[in-house]
Amino acid sequence: AGHGVAVDEENYLLPTDIALKSVADLDLNSMNLSLILRQMKREERVNVVILDACRDNPFARELASATGRGRSTVSERGLARIDTDLAKGTLIAFATDPKATALDGRAGENSPFTRALLRHIETPGVSIDTVMNRVRADVWESTKNKQMPWVNTSIIGEFILNPGAKVAVAAPTAGPAAAA
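Predicted model only: the values in this text are computed from it and were never measured.

Thoughts on the side chain of N47
Link 1 in the chain: Take N47: it is sitting in strand β4 (residues 47-51).
Link 2 in the chain: Residue N47 is classed as buried on the basis of its relative accessible area of 3%.
Link 3 in the chain: A distance of 3.3 Å separates a polar atom in the side chain of N47 from the backbone oxygen of M40.
Link 4 in the chain: Not counting chain neighbours up to four residues away, the residues in contact with N47 comprise M40, K41, G89, T90 and L91.

So this is what it looks like as structure tokens:
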């Protein structure tokens, strides 16, 4: 959980307690989302990225004034579009849709998105798509239709996060017919 901001079309994930004074602080005190996706993509596997970050940029004014006009483009809408080459075989879940701000939880509590995610993520035997559909429905209901989680995915087929315990097939027992 934290903030997601875009500067010069690069997405950065910021901790909630960051103090941004300049764009240089992003390189030193945040995570570049492209770097994370590039590292995840190095292996042939399904990647899941879950972002409980606001879609607005609470630092837009500070960063814009620190950069000066013309030097950097600071987005007020939070995260920029994610390069599709970096996202192949990936599901990226956002706490809210592109036109909204994600709600925070009360002090010391999880956000509505994280609460719903924790409620459903360990459900055995369901696909990640089903998990995220359930999360979306829970958040929509719990926020009284104010927040709609959003998912971008390029996963082909079904991906199950928690396949659950494998069901053991009982071996046939030796009954009276088998003893004969």
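What to know about the packing of helix α4 (residues 112-120) against helix α5 (residues 128-142)
Link 1 in the chain: Running from amino to carboxyl end, α4 crosses α5 at an angle of 140°, the nearest separation of the two axes being 9 Å. Comparing their axes, α5 and α4 come out oblique. Classified by chirality, the crossing of α5 by α4 is right-handed. Between α4 and α5, the residues in contact are P112, F113, A116, L117, R119 and H120 and V131, M132, R134, V135, D138, V139 and S142, respectively.
Link 2 in the chain: Here the contact of α4 with α5 is composed, by residue class, of eight nonpolar, two polar and three charged.

Structural notes on the environment of N133
Link 1 in the chain: The topology assignment puts N133 in helix α5.
Link 2 in the chain: Judged by its relative accessible area of 43%, N133 falls in the partly exposed class.
Link 3 in the chain: Taking the C-alpha atoms as reference points, N133 and P149, 16 residues apart in sequence, are found 8.9 Å from one another.

Topic: the sheet that holds strand β6 (residues 90-94)
Link 1 in the chain: Strand order in the open sheet made by the three strands is β4-β6-β7, with mixed pairing throughout. Among the strands making up the open sheet, the edge pair consists of β4 and β7 (150-153). Neighbour to neighbour, the strand axes of the sheet diverge by 10° on average, direction disregarded.
Link 2 in the chain: The pairing of β6 with β7 spans four bridges and is antiparallel. Along β7, the bridge assignment pairs L91 with T153.
Link 3 in the chain: Packed on one face of the sheet, helix α2 (residues 33-41) meets β4 and β6 and runs near 160° to β4.
Link 4 in the chain: Sitting on the sheet, α5 is in contact with β6 and β7, with an inclination near 5° to β6.

Observations regarding the pattern of salt bridges
Link 1 in the chain: Here the structure, examined in full by the defined rule, presents two salt bridges.
Link 2 in the chain: With its nearest N and O atoms 3.7 Å apart, the salt bridge here joins E43 to R45.
Link 3 in the chain: Accessibility expressed as a relative area gives 49% for E43, which makes it partly exposed.
Link 4 in the chain: Taking relative accessible area as the criterion, R45 reaches 41% and is therefore assigned partly exposed.
Link 5 in the chain: In this structure, R119 engages D138 in a salt bridge whose closest nitrogen and oxygen atoms are separated by 2.9 Å. You can see R119 sitting in helix α4 and its partner D138 sitting in helix α5, a full 19 residues away along the chain.
Link 6 in the chain: Residue classification places R119 among the exposed positions, given a relative accessible area of 51%.

The rules behind each value
Residues numbered from 1 in each chain as written. Predicted model: local features only at pLDDT ≥ 70, side-chain atom pairs only at ≥ 80, totals over all residues. Heavy atoms only, no water. Helix = DSSP H or I, 4+ residues; strand = E, 2+ residues; numbered from the N terminus. Buried < 20%, exposed > 50% of the residue type's maximum accessible area, 1.4 Å probe, protein only. Polar contact = N/O pair within 3.5 Å; in protein donor to acceptor, adjacent residues only side chain to side chain. Contact = heavy atoms within 4.5 Å. Axes fitted to C-alpha atoms, helices over the stretch in contact; angles between N-to-C directions. Parallel < 35°, antiparallel > 145°, perpendicular 65-115°, else oblique. Left-handed = near helix turned anticlockwise from the far one by under 90°. Nonpolar A, V, L, I, M, F, W, Y, C, P; charged D, E, K, R; others polar. Pairing = 2+ DSSP bridges. Salt bridge = Lys/Arg side-chain N within 4 Å of Asp/Glu carboxyl O.

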